[in-house]
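Each chain is listed here by its residues.
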Amino acid sequence: MSYFPEVDQPYYLSNFHTLLRWVEQRYDDLLLPKEHDFLDIFRQLSVESQCLLVRMLMRTKLHFRYSKLVYPEIGNIDVAVKELCLYELVVVDPVVDIEIVTGQMLKAELITCFGHDLLLPKASKKQLSEQLYECYGLQSKKHWSKWAVGLDDPLIQLQCQDMFDCLCLMFFGNPYQDLTEFVLTDLGLFRYETIPFDDSTRAFQNRQQIDFYRQLLISREFLEQDLPDQAFDSLPAPIDSDWLNQKRDKTLYRIGYEFERKSDFDQALSCYLDNDYRRARERHIRVLEKQQRYEEAFQLCEQALAEPLDENEQQSCQKMIKRLARKVARKVSIAVVAPIEQHTCQLSYGPEPVELLAAESLTSQVQQAIYVENSLFNGLFGLTFWEAVFKPYPGAFFHPFQSAPHDLYTTDFASTRAREIAAGWERMQQPDYHQWLADRYLDKYGIANPFVNWSVIDETLLRLVQRCIPIQHLKTIFERILFDIKSNSSGFPDLVVFDRCQSCYRLVEVKGPGDRLQDNQIRWFDYFIRHQIPASVLYVQWQNDANR
DNA sequence: GTTGGGATTG
DNA sequence: GAATGTGTGTCTCAATCCCAACTT
DNA sequence: TGACACACATTCAA
Ligand SMILES: [Mn+2]
Ligand SMILES: [Mn+2]
């Protein structure tokens, strides 16, 4: 029961209240006292103050000049600001450093306020700001009003952004989504599948998990600033959650990579050791090689090849072991690679991407080439296994804006959805599979699905698939996607070429001058060859190009 | 004076 | 010519506003 | 806000 009639609220305020209710309902036992206080205080604020606070929380920065807070639905903000101040949700005329000042002032204002400090008044704003950082240093702080003498435009500083970010994190289970999900869904711009789940389902099971993710975000910020040491030191210790530990390992891997860039190989090794992220062992071997510890590198590489974590690791290690074997004077058996069918053609250079030019040249009365890359087979996969993707599996869905189950990329996704996946295979056996697919396409059109790119799939394409691609080929391809969903939903050839007359098709990877097959593309080609799926590479040369 | 990258908005 | 590392552009929700660059 | 594919540079060994 709310004190305010929600119908009269601006859209963003009722969305905010909805979010607070959800969080309160699911996380009541995990909320800190200050978060409980915030919920109580916020609801007692005047509507104008609530509106102003939410407006500020939804904007990107922490500081706002009065003149930039103009909202018709709020009107004069003086009263609202006073009230927010009273509860320490905002501070008026905060103490700030010069960086905040340059960010808040226009270039012209900087020159007005600091003209006498500046050596090059004609420089760009960026350069002026740099000069002022030099001049004042980032540690000297003053009240905004002391910096902005004569501007007569007070500054407000938000005090509760962190707490709100934390509430958002609880609601969404990730730091990427925010309140815009609500309005975009209302407007029909985003559409999500509706999945039943009970009121107690939540992303985090205890407070340590929430704090863990927050701490991980702090570590990632250091990493973005190319500060691997700080990132490493601020990384949270492993915790009682597999998915959070996986995020930790991936961040740790990235930190290691950054250490490598800085040639700090020992630190890099400490990141890769005992790291379960699938690319970590490969980096570990490479670092050992860079340190010329060839014997250790060779042994770890052999170990990885004996029990590869995935095909990507296997492929990398097969390439490395050849080099390493020479270094340690050892013999290794070299895997035989099936030759990939390839052609060349000459096209006249144009502004369009080479894939489109090639598609055009491969399209005729009988042939039609379409630039689909990953979208065709992933899309068909997503439509076929819709029920598996959106099965209301316990804990997989916990808010209304999820385009995928939370555990989609975990190893037991397939086993926990075995029944639904089996139903998908069964569906493919039915004679009306393609009709069912087309119906499903219309039925679900526009609903977010991690495999379906709606702008690429259309009914014409579905008809061509029906006519030209054998069901068995689809099943074969889906099997590999399912085998390793994350790795194998990319690397598909650029084009699918349909032949209406012969009712056949071919997958074509287009390579312009200077481009080569990538590892994940090679893995798919290897699979295509082993399963007699028609695929080839088309090397494009530019007409009248002397370099051949 | 125009253009282009952001931030903001619903 | 492989193998590797690294940088870039493209998806973007779309319309509008603001501000700081400039014969783009 | 990454993920992905591509473009380009460097290195190294036959
Ligand atoms: Mn491509
Ligand atoms: Mn290509």
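Residues numbered from 1 in each chain as written. Chains lettered and ligands numbered in written order. Predicted model: local features only at pLDDT ≥ 70, side-chain atom pairs only at ≥ 80, totals over all residues. Heavy atoms only, no water.

A. Spatial organisation of the domain arrangement of chain A. Its domain assignment divides chain A into domain 1 (11-166), domain 2 (203-327) and domain 3 (342-547). Taking only C-alpha atoms, the centre of domain 2 and the centre of domain 3 are 31 Å apart. Each side of the interface is counted separately: domain 2 has eight residues, and domain 3 has 10 residues. Here domain 2 and domain 3 share an interface that buries about 840 Å² over both sides, 44% of which is from carbon and sulfur atoms. It is Ala203, Glu311 and Gln315 in domain 2 that bury the most area against domain 3; as a group they hold 52% of the surface buried on that side. At the junction of domain 2 with domain 3, the criterion picks out two salt bridges. Ionic pairing is found between Asp519 and Lys319, a salt bridge with its closest N-O pair at 2.9 Å. For the side of domain 2 that touches domain 3, a count of residues per class yields two nonpolar, two polar and four charged. (Domains from an automatic or database assignment. Contact = heavy atoms within 4.5 Å. Buried area = accessible area lost by both parts, 1.4 Å probe. Salt bridge = Lys/Arg side-chain N within 4 Å of Asp/Glu carboxyl O. Nonpolar A, V, L, I, M, F, W, Y, C, P; charged D, E, K, R; others polar.)

B. Examining the protein's contact with DNA strand C more closely. Around DNA strand C, a shell composed of 19 residues is seen, among which Lys68, Lys107, Lys125, Arg283 and Arg286 lie nearest. Per the 4 Å cut-off to the protein, sugar and phosphate atoms form 84% of the nearby atoms of DNA strand C. Here a phosphate oxygen of DNA strand C and a side-chain polar atom of Tyr257 are 3.2 Å apart. At a separation of 3.1 Å, a phosphate oxygen of DNA strand C approaches a polar side-chain atom of Arg323. Elements with a minimum of two residues in the surface near DNA strand C: helix 7 (125-136), helix 13 (242-261), helix 15 (280-290) and helix 17 (311-327). Residues that form the surface near DNA strand C fall into these classes: seven nonpolar, one polar and 11 charged. (Near = heavy atom within 4 Å. Polar contact = N/O pair within 3.5 Å; in protein donor to acceptor, adjacent residues only side chain to side chain. Helix = DSSP H or I, 4+ residues; strand = E, 2+ residues; numbered from the N terminus.)

C. Main features of the coordination of the manganese ion (ligand 2). Here the manganese ion (ligand 2) is held by the protein donor atoms Asp494 (OD), Glu509 (OE) and Val510 (O), which lie 2.0 to 2.2 Å from it. Here the donor residues of the manganese ion (ligand 2) share one chain and are spaced in sequence as D-x14-E-V. If you look at the manganese ion (ligand 2) and the manganese ion (ligand 1), they sit 3.5 Å from each other and are both ligated by Asp494. In this pair, Asp494 is assigned in the loop between helix 26 (485-488) and strand 8 (495-499) and Glu509 in strand 9 (residues 504-511), connecting sequence segments 15 residues apart. On the basis of relative accessibility, which here comes to 1%, the residue Glu509 falls in the buried class. (Donors = N, O, S within 2.8 Å, 3.2 Å for Na, K, Ca; no water. Buried < 20%, exposed > 50% of the residue type's maximum accessible area, 1.4 Å probe, protein only.)

D. Expanded view of the protein's contact with DNA strand D. Around DNA strand D, the structure places 19 residues, and the nearest of them are Tyr176, Asn374, Gly491, Gln518 and Asn520. Counting only the atoms of DNA strand D within 4 Å of the protein, the fraction contributed by sugar and phosphate is 93%. Between a phosphate oxygen of DNA strand D and a side-chain N or O atom of Glu355, the distance comes to 3.3 Å. Between a phosphate oxygen of DNA strand D and a side-chain N or O atom of Asn374, the distance comes to 2.9 Å. Counting only elements with at least two residues in the surface near DNA strand D, the list comes to helix 13, helix 17, strand 9 and helix 27 (519-530). Of the residues in the surface near DNA strand D, the class split is two nonpolar, six polar and 11 charged.

E. Layout of unusual backbone geometry. Located in the positive-phi region is Glu88, a residue other than glycine, with phi close to 60°. Among the secondary structure elements, Glu88 is positioned in the loop between helix 4 (78-86) and strand 2 (90-92). With a phi angle near 50°, Asp93 is a residue other than glycine that sits in the positive phi range. In this structure, Asp93 sits in the loop between strand 2 and strand 3 (95-97).

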